[in-house]
Amino acid sequence: MAAEVSFSVETPDGPRTLSVAYERSGAGEPLLLLHGIGHHRQAWDPVVGILAAEYDVIAVDLPGFGESPALPQGLPYDISTVVTVLGALCEALEIERPHVAGNSLGGLLALELGREKLVRSVTALSPAGFWTPGERRYAFNTLLAMRHGARLLPLPLIERLARTAAGRAALTSTIYAHPGRRSPEAVVAETLALRDAKGFEQTLAAGREVRFSDDVPGLAVTVAWGSRDRILLRRQGVRAKHAVPDARLVRLPGCGHVPMNDDPALVSRVVLDTCRRAPAA
């Protein structure tokens, strides 16, 4: 079950109160999990149990996604605002410099949190921000098509499609290399999360000029890319390695854009190895 925490964030117009939904499990050093655009915290469900055996795992619904309310009127969905929100979330939960793992948009946010020295290690799975202009247009058009399709489908049809492996492939093969492994219930839930995401368009618009080009020195950083990523092509991982030269670049064989479901054991090992490389708190 999700919990919700409310806290204040400083803005140019003064302090604003907002809320974030999250789930927390396990014990140990804190580990923050961040999903991609149009997804929700349940994207991490296949690996949470493994990670929670060693860490205090906090899976977050980003503002305007999943069960988290939209940002207050006037607050932009740009990277700096969401990083500020995540920093305030950690303060509200009394978490000091957690490890962080993120996928896609969440991977970009994880790297930004690392650049701001707000975390102690970073695992970025197919992070956004290392694209060429053409690759960005392709990714955004793909995401918009997925969103449009999810909004056109009535719930009974989504549920009917999710009952078969072929139907799950039709709904989720863009993000998973092995969509048949996803449960019907999870496919329904994430299709609705994409359909109903309140922050989708504004987040996408804010990302049109985003390029991550700064180093993240002094931290354990891993950038991992699925060999079958159909949204952010794996050659972008080489650019990420050039931008963050001390990062470990890892290939995830047979994994798609959201690799946690395609190979939970491998993804868990990558995250755990990164956390263990960080200096002790």
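Residues numbered from 1 in each chain as written. Predicted model: local features only at pLDDT ≥ 70, side-chain atom pairs only at ≥ 80, totals over all residues. Heavy atoms only, no water.

What follows is about the state of the cysteines. In total, this model carries 0 disulfides according to the counting rule given. Between Cys90, a free cysteine, and Cys275, which holds the nearest cysteine sulfur, the sulfur-to-sulfur gap is 14 Å. For Cys90, a relative accessible area of 11% corresponds to the buried category. Left without a disulfide partner, Cys255 is nearest to the cysteine sulfur of Cys275, which lies 18 Å away. Relative accessible area serves as the criterion here: at 0%, Cys255 is assigned to the buried category. (Disulfide = S-S within 2.5 Å. Buried < 20%, exposed > 50% of the residue type's maximum accessible area, 1.4 Å probe, protein only.)

Let us look at the pattern of salt bridges. Applying the stated rule across the entire model yields 16 salt bridges. A salt bridge links Arg120 to Glu29; the shortest N-O distance between them is 3.5 Å. Taken together, the positions of Arg120 in the loop between helix 3 (105–115) and strand 6 (121–125) and Glu29 in the loop between strand 2 (14–25) and strand 3 (30–34) put the pair 91 residues apart, joining distant regions of the chain. According to the relative accessible area criterion, Glu29 is partly exposed, its value standing at 27%. Linked by salt bridges that have partners in common, Glu23, Arg41, Asp61 and Glu67 make up one network. (Salt bridge = Lys/Arg side-chain N within 4 Å of Asp/Glu carboxyl O. Helix = DSSP H or I, 4+ residues; strand = E, 2+ residues; numbered from the N terminus.)

So, on to the packing of helix 6 (residues 165–172) against helix 7 (residues 184–196). For the pair helix 6 and helix 7, interaxial distance at closest approach is 11 Å and the crossing angle is 25°. In terms of axis orientation, helix 6 runs roughly parallel to helix 7. In this structure, helix 6 crosses over helix 7, and the sense of that crossing is left-handed. Judged by residue contacts, Arg168, Leu171 and Thr172 of helix 6 engage Pro184, Val187, Glu190 and Thr191 from helix 7. Its residues assigned to classes, the contact of helix 6 with helix 7 shows 3 nonpolar, 2 polar and 2 charged. (Axes fitted to C-alpha atoms, helices over the stretch in contact; angles between N-to-C directions. Parallel < 35°, antiparallel > 145°, perpendicular 65-115°, else oblique. Left-handed = near helix turned anticlockwise from the far one by under 90°. Contact = heavy atoms within 4.5 Å. Nonpolar A, V, L, I, M, F, W, Y, C, P; charged D, E, K, R; others polar.)

Membership of the largest hydrophobic core comes to 87 residues, with the highest contact counts inside it found for Phe7, Leu31, Leu33, Leu34, Leu109, Val122 and Val221. For this core, the element with the most residues is helix 2 (residues 79–92), which contributes 8 residues. In contact with Leu31, other than residues within four places in its own chain, are Leu51, Tyr55, Asp56, Val57, Ile58, His99, Val100, Ala101, Val271 and Cys275. In this structure, Ile158, Ala162, Leu171 and Val188 belong to the second largest nonpolar core, which totals 5 residues. (Core = buried A, V, L, I, M, F, W, Y, C linked by side-chain atoms within 4.5 Å.)

The probe, sized like a water molecule, is rolled over the atoms to show the empty space still left. Enumeration over the complete set of coordinates arrives at 1 cavity of 30 Å³ or more. Approximately 70 Å³ is the volume found for the largest cavity. Around the largest cavity sit Leu62, Pro63, Phe65, Tyr77, Asp78, Ile79, Val82, Leu105, Leu109 and Thr203, which together line it. Residue assignment for the lining of the largest cavity shows that the elements contributing at least two residues are helix 2 and helix 3. Of the residues that constitute the lining of the largest cavity, the class distribution is 8 nonpolar, 1 polar and 1 charged. (1 Å grid on protein atoms, 1.4 Å probe; cavity = no way out; pocket = protein on both sides within 12 Å on 5 of 7 lines; lining within 4 Å. Points joined across faces, edges and corners; volume = space filled by probe spheres on them.)

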